[in-house]
Protein chains: 2
Amino acid sequence: MAGKDLPVSPLALPLPAMPPVAGLRLGSGRAEIRYKAREDVTMMVFPAGTTVAGVFTKNKCPGAPIDWCRAALKGGKARALVVTAGNSNVFTGKAGRQTCSDTAKAMAGLAGCKPTEVFLASTGVIGEKLPTEKLLAALPPLFGKLDEDGWAGAASAIMTTDTFPKGATRTAQIGDTTVTVSGIAKGSGMIAPDMATMLCFLATDAKVPAAALQAILAKGTQKSFNCVTVDSDTSTSDTVLLFATGAARHPRVPAEGGKMLKDFARAVHEVLMDLALMVARDGEGAQKLIQIDVTGAVSAKSAHRIAMSIANSPLVKTAIAGEDANWGRIVMAVGKAGEPADRDLLSVAIGGTWMAREGAVVTGYDETPVIAHMKGRDVRIEVDLALGRGKATAWTCDLTHGYIDINGSYRS
Amino acid sequence: MAGKDLPVSPLALPLPAMPPVAGLRLGSGRAEIRYKAREDVTMMVFPAGTTVAGVFTKNKCPGAPIDWCRAALKGGKARALVVTAGNSNVFTGKAGRQTCSDTAKAMAGLAGCKPTEVFLASTGVIGEKLPTEKLLAALPPLFGKLDEDGWAGAASAIMTTDTFPKGATRTAQIGDTTVTVSGIAKGSGMIAPDMATMLCFLATDAKVPAAALQAILAKGTQKSFNCVTVDSDTSTSDTVLLFATGAARHPRVPAEGGKMLKDFARAVHEVLMDLALMVARDGEGAQKLIQIDVTGAVSAKSAHRIAMSIANSPLVKTAIAGEDANWGRIVMAVGKAGEPADRDLLSVAIGGTWMAREGAVVTGYDETPVIAHMKGRDVRIEVDLALGRGKATAWTCDLTHGYIDINGSYRS
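As annotated in an unreviewed UniProt entry, chain A is Arginine biosynthesis bifunctional protein ArgJ from Falsiroseomonas oleicola. Its UniProt record, at the heading Subunit (unreviewed entry), says of chain A: "Heterotetramer of two alpha and two beta chains." As recorded by UniProt, the Sequence similarities (unreviewed entry) comment attached to chain A reads in full: "Belongs to the ArgJ family."

Structure, rendered in structure tokens:
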């Protein structure tokens, strides 16, 4: 957020120590694209042989960098990534495509690769031309100072209205070899289903064929970012990329991946989940992290839709902001999802206290423990539909005056 | 809202003079169901032969009164309506059904009709038992003071967080006879597509067969209330009822209605449209009324979905609250609708100034007239997709601190 000093989210988590990922060099620098007093360009450079997987926004009006990455992803190989913050290069027409092409060419010249092996992402204001010359001028000095330890700088340089940098790291075993999976992400408005965060970049030193990498990333994203929402608005720039440098010395992984990658997939999923929850924790104006567990739906898909309907309801989110145990609004949000639900079988709990069972308030219901739970930072909602075995979990944050403050004057 | 003195919406309109509808007697009184210092019960009584049409929420967890009305509507005849404010009798289990049945029986005893000719509606808090005995005690004195001029009292007695009473009236010709169509409505949170307002009641002295009445109401609702949204939350109580007393002396209308009802349908539609816009004008926290015109979509349905996606976007609505001509967010909302859209053909205008044409900002774009327009109370957004001939209009209000204030402590 240009020039604004937003208070750090009360739900913020510290950036963990981010160890090097063998093969990866990264760093951040200043191009002054929009922000004048902070770093706004991030660069990653990968060794030859690096494979890549990607998941992108389903918004029908995506930014030029999304088009660029979708095309580049077809090759399955990556040698560099350039990320800018402050201007999303969305709805910039021909100029936007030219910026992508020029940036990729310049980066390819530095990294000694093809432009189609360069990945691009931008986040920030929509509809303003990105000053390409400033970006191009910033690339050579940044390239000159890349090293293995640039994670913390990168996590900060990709932020926009985020109030804290977001990173996560895990190790996994492939055969007898330990590999690292690390990632960074930025939120924190325009966060909704169908690829939730605006930008998220993971890297690993594992050597994984592109197809297997893509399958692991797609599945992990479905269970993490796609279960998080801040405001139901789907960004035009949502991007998750996973780069595998192949620098680790483990036995060869077959093209289809398979059992050998089970622990690796677990690590990727955990990093994605950590980052997705950090995005919810840094939702614009967030004061509380809300977890919604839906059980008893007719299917997992139905449970997911109901959980997201609750997570996206402004009335549920304002009630939680007001620490009001208004479970009637939860019932409303279940009903508006349009999924099979029988009002007279429905049960609702907050903080483990069942307030309503089988379509009516619990006899002798005492609000005291619920109110106590809601005064905390973490609020848990449970809904049981008693129709089947479908279950799902979603996460969101409350809707507060902070959201209005931040978004009522974003560009000023 | 109980005990809260909300400032009247700056978009409020005065209640028009509401002339009597021949055959209808109505009034309002106090049951102290939740509100102690205002009227909270509304009653209408109709002559024998009155037909009725109804449209209800699509929420899958509707209130007990919705179930009651759906069943009663099958008869197509009405003799009375009872409306309560403060408690919606939703998610109240068996007790809620008993309240409906007891209320209908008591009202039928007063009006000299069958319980199935009594219609019921309730609005307010979800999940709390409605104190039936208080309601039943209030019915006889209220019945005793009904007259033809009770519209203004009724328009106020059905309100919850509404800040002004909403009414509209028209006349129409059926043959050479002038008939009256009048209606009242209440909002003003939990307002979303698929039957938008919480409660709306119309009455006419026309003599119209129930099937023809239902067709006119359904079509009118589709073009009015279903094009209005405040917060994307679909109420569990949304109800629109249209009663036709048949007291007017016009030629007999055939069962299927037809041409003879063209002017009558126009009047019904206009009353619905007036009331729907008043609901948007009284959206919780509303400071601006927003009209969204979408053209060039592949179909009218597609245009409607895109218009509603824009109308429901928290980021668009907060930008307008902040008087920020952030058309990038409009592009995002077009894209997130999931309907056919080509980013590079898209054009966006605010207040008649085209800011973006064919996928990029207009050359030499000057924000000055747009900012001037946005400082007003009425904001108009136009989107042209340049794909086909589908068009639609939607209305909403801006998203302000007032919405958070009202909904962060609804029950307190």
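Before we go on, may I ask you to explain the relation of the copies chain B and chain A in this structure?
The operation relating the pair of chain copies consists of a rotation about an axis and a translation along that axis. Mapping chain B onto chain A calls for a screw motion: a turn of 180° about the axis and a shift of 0.0 Å along it, with 0.0 Å RMSD after fitting. Such a combination of rotation and displacement between the chain copies is what one expects of a two-fold axis. When each C-alpha of chain B is compared by its distance to the rotation axis, His401(B) comes out closest, at 2.9 Å. Take the interface residues of chain B: 100% of them recur as interface residues in chain A, which is what a same-surface contact looks like.

Looking at this structure, how should I read the interface of chain B and chain A?
By a frequent convention, interface size equals the accessible area lost on bringing the separate parts together. Taken together, the contacts link 60 residues of chain B with 60 residues of chain A. Across the interface of chain B and chain A, roughly 4900 Å² is buried in total on both sides, 58% from carbon and sulfur atoms. Applying the counting criterion to the chain B and chain A interface returns 4 salt bridges. Its salt-bridge partner being Arg343(A), residue Asp67(B) comes within 2.6 Å of it at the nearest N-O pair.

Explain the packing of aromatic side chains here, please?
Each pair of aromatic rings is reported with the distance of its centres and the angle of its planes. Enumeration over the complete set of coordinates arrives at 6 aromatic pairs over all chains. Relative to Phe91(B), the ring of Trp327(A) has its centre 5.3 Å away and its plane inclined at 65°; by these criteria the two rings are edge-to-face. Taken together, the residues span two chains, with Trp327(A) in helix H9 (residues 327–336) and Phe91(B) in the loop between strand S4 (80–87) and helix H2 (93–111). In terms of burial, Trp327(A) and Phe91(B) fall into one category: buried. On the basis of an interplanar angle of 25° and a centroid distance of 4.2 Å, the ring pair of Phe46(B) and Phe243(B) is categorised as stacked. You can see Phe46(B) sitting in the loop between strand S2 (41–45) and strand S3 (51–56) and its partner Phe243(B) sitting in strand S9 (residues 239–244), a full 197 residues away along the chain. Phe243(B) carries the same exposure label as Phe46(B), and that label is buried. The structure contains a cluster of three or more aromatic residues connected by ring pairs, namely Phe46(A), Phe119(A) and Phe243(A). The positively charged end of Arg25(A) is found above the aromatic ring belonging to Phe143(A), 5.9 Å away from the centroid.

Explanation requested: the environment of Lys77(A) in the structure shown.
Residue and element names in this part refer to chain A. Along the chain, lysine 77 turns up in the loop between helix H1 (64–73) and strand S4 (80–87). The spatial distance from the C-alpha of lysine 77 to the C-alpha of threonine 51 is 4.6 Å, given a sequence separation of 26 residues. Contacts of lysine 77, omitting those with residues within four sequence positions, involve Thr50, Val52, Thr116, Glu117 and Phe119.

Hey, could you run me through the confidence of the model for chain A in this one?
Caution applies to low-pLDDT parts of the model: their predicted coordinates are not meant to be read in detail. Residue and element names in this part refer to chain A. Residue-level pLDDT values for chain A average 87, and 93% of them are 70 or greater. Mean pLDDT values over the elements of chain A span from 76, in helix H11 (residues 401–407), up to 97, in helix H3 (residues 132–144). Below pLDDT 50 for its whole length, residues 192–197 participates in 38 contacts with residues either more than four positions away or in separate chains.

What is the right way to look at the sheet that holds S4(A) in this model?
Pairing between the strands of a sheet is mediated by backbone hydrogen bonds and can be parallel or antiparallel. Residues and elements named next belong to chain A. Spatial strand order, S1-S2-S4-S5: 4 strands in an open sheet with mixed pairing. Lying at the two open borders of the sheet, with one neighbouring strand each, are strand S1 (25–29) and strand S5 (118–125). Across the sheet, the mean angle separating the axes of adjacent strands is 10° when strand polarity is ignored. Where S4 meets S5, 8 bridges bridge the pair, whose relative direction is parallel. Along S5, the bridge assignment pairs alanine 80 with valine 118. Relative to S5, helix H2 (residues 93–111) is tilted by about 135°, and along the sheet it contacts strand S2 (41–45), S4 and S5.

I'm lost on the UniProt feature "binding site: substrate" (unreviewed entry) in chain A in this one. Help?
Feature annotation in UniProt assigns "binding site: substrate" (unreviewed entry) to the following positions: Thr160(A), Lys186(A), Thr197(A), Glu284(A), Asn407(A) and Ser412(A). Following the sequence through the fold, Glu284(A) ends up in the loop between helix H6 (262–281) and strand S10 (289–297). Relative accessible area serves as the criterion here: at 4%, Glu284(A) is assigned to the buried category. Owing to a relative accessible area of 1%, Asn407(A) belongs among the buried residues under this scheme. When sequence neighbours within four positions are dropped, the list of residues in contact with Asn407(A) reads Glu284(A), Leu315(B), Thr318(B), Ala319(B) and Arg329(B).

Looking at this model, I keep getting lost on the pattern of salt bridges. Mind explaining?
Pairs can form between side chains of opposite charge whenever their charged atoms are close. Counted by the stated rule, this structure contains 36 salt bridges over all chains. Among the salt bridges present, the one from Lys288(B) reaches Glu323(B), with a minimum N-O distance of 2.9 Å. Of this pair, Lys288(B) sits in the loop between helix H6 (262–281) and strand S10 (289–297) while Glu323(B) sits in the loop between helix H8 (314–321) and helix H9 (327–336), and the two are 35 residues apart along the sequence. We note a salt bridge from Glu339(B) to Arg305(B), for which the minimum N-O separation is 3.1 Å. Residue Glu339(B) is found in the loop between H9 and strand S11 (347–350), and its partner Arg305(B) is found in helix H7 (residues 300–311); the two are separated by 34 residues along the sequence. Glu339(B) sits in the buried class, given a relative accessible area of 11%. For Arg305(B), a relative accessible area of 42% gives the class partly exposed. Here the salt bridges do not stand alone but share partners, grouping Arg170(A), Asp263(A), Arg266(A), Glu270(A) and Asp274(A) into one network.

I'm lost on the domain arrangement of chain A in this one. Help?
All names here are of chain A. Taken as a whole, chain A is organised into domain 1 (25–281) and domain 2 (289–407). Relative placement of domain 1 and domain 2: their C-alpha centres are 33 Å apart. Contact with domain 1, which involves 14 residues of that partner, is made by 14 residues of domain 2. Interface of domain 1 and domain 2: buried area, both sides summed, is about 1200 Å²; carbon and sulfur atoms make up 64% of it. Run the count over domain 1 and domain 2 and you get 1 salt bridge. Arginine 281 serves as the salt-bridge partner of aspartate 378, at 3.8 Å between the closest nitrogen and oxygen. For the pair domain 1 and domain 2, the interface holds 0 residue pairs in polar contact (both at pLDDT 80 or more).

Conventions used here
- Residues numbered from 1 in each chain as written.
- Chains lettered and ligands numbered in written order.
- Predicted model: local features only at pLDDT ≥ 70, side-chain atom pairs only at ≥ 80, totals over all residues.
- Heavy atoms only, no water.
- UniProt positions renumbered as here; feature names shortened; annotations may be inferred.
- Least-squares fit on C-alpha atoms with pLDDT ≥ 70 in both.
- Contact = heavy atoms within 4.5 Å.
- Buried area = accessible area lost by both parts, 1.4 Å probe.
- Salt bridge = Lys/Arg side-chain N within 4 Å of Asp/Glu carboxyl O.
- Phe/Tyr/Trp six-rings, centres within 6.5 Å; stacked < 30°, edge-to-face > 60°.
- Helix = DSSP H or I, 4+ residues; strand = E, 2+ residues; numbered from the N terminus.
- Buried < 20%, exposed > 50% of the residue type's maximum accessible area, 1.4 Å probe, protein only.
- Lys NZ or Arg CZ within 6 Å of the ring centre and 35° of its normal.
- pLDDT = per-residue confidence, 0-100.
- Pairing = 2+ DSSP bridges.
- Axes fitted to C-alpha atoms, helices over the stretch in contact; angles between N-to-C directions.
- Domains from an automatic or database assignment.
- Polar contact = N/O pair within 3.5 Å; in protein donor to acceptor, adjacent residues only side chain to side chain.

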